[in-house]
Amino acid sequence: NKPAAVSPVAAFAMIQFRANGRFTGTAGCNQLFGRQQQVYPNFSLDPIGATRMAYPTSAERLFIDALSVMTKARWADEILILSNNSGRELLFSRY
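Summary of the structure given here. The shown structure was predicted, so the numbers you read here are calculated from the model rather than taken from an experiment.

Examining the nonpolar core
If you look at the biggest cluster of nonpolar residues, it comprises 17 residues, and the most contacted ones within it are Leu 32, Ile 48, Phe 63, Leu 67, Leu 82, Leu 90 and Phe 92. Those elements giving two or more residues to this core turn out to be helix H1 (58-68), strand S6 (79-83) and strand S7 (89-93). Per element, the largest residue contribution to this core is 4 residues, and it comes from H1.

Right under this line is the structure:
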């Protein structure tokens with residue numbers, strides 16, 4: 001299941017990697033959670049769990065699908081860049 005390539009989109013999504021190997025976040029309305037299997041700079045995420053507070057929007061689904069195939073992390077200034085070998089990227093800034 002390969003996510004479709006999309007143009008850059010500015011949207012609110014958040015992810016936090018915790019010291020205990022877990023991650024949490026939000027894709028808009030629904031909360032995300034799971035475990036990180038490898039550590040910086042390479043990583044893999046267990047299947048991503050999500051609450052069902054609201055039916056996922058297409059933007060939430062795109063974000064979760066893209067996040068699930070990210071395998072590398074790096075910092076550039078204050079930007080966290082998640083990427084994979086296909087050249088896809090997710091960029092996160094602190095707010």
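Still to come is the rest of the account.
Considerations on the sheet that holds S7
Taken in spatial order, the 3 strands make up an open sheet running S5-S6-S7, and their pairing is antiparallel. Either end of the sheet is taken by a strand with one partner, and the two such strands are strand S5 (72-76) and S7. Mean inter-strand twist for the sheet, computed between neighbouring axes without regard to direction, equals 20 degrees. Sheet topology places S5 next to S6; 5 bridges connect them, and they run antiparallel. From the neighbouring strand, Lys 72 faces S6, where its bridge partner is Ser 83.

About the criteria used
Residues numbered from 1 in each chain as written. Predicted model: local features only at pLDDT ≥ 70, side-chain atom pairs only at ≥ 80, totals over all residues. Heavy atoms only, no water. Core = buried A, V, L, I, M, F, W, Y, C linked by side-chain atoms within 4.5 Å. Buried < 20%, exposed > 50% of the residue type's maximum accessible area, 1.4 Å probe, protein only. Helix = DSSP H or I, 4+ residues; strand = E, 2+ residues; numbered from the N terminus. Pairing = 2+ DSSP bridges. Axes fitted to C-alpha atoms, helices over the stretch in contact; angles between N-to-C directions.

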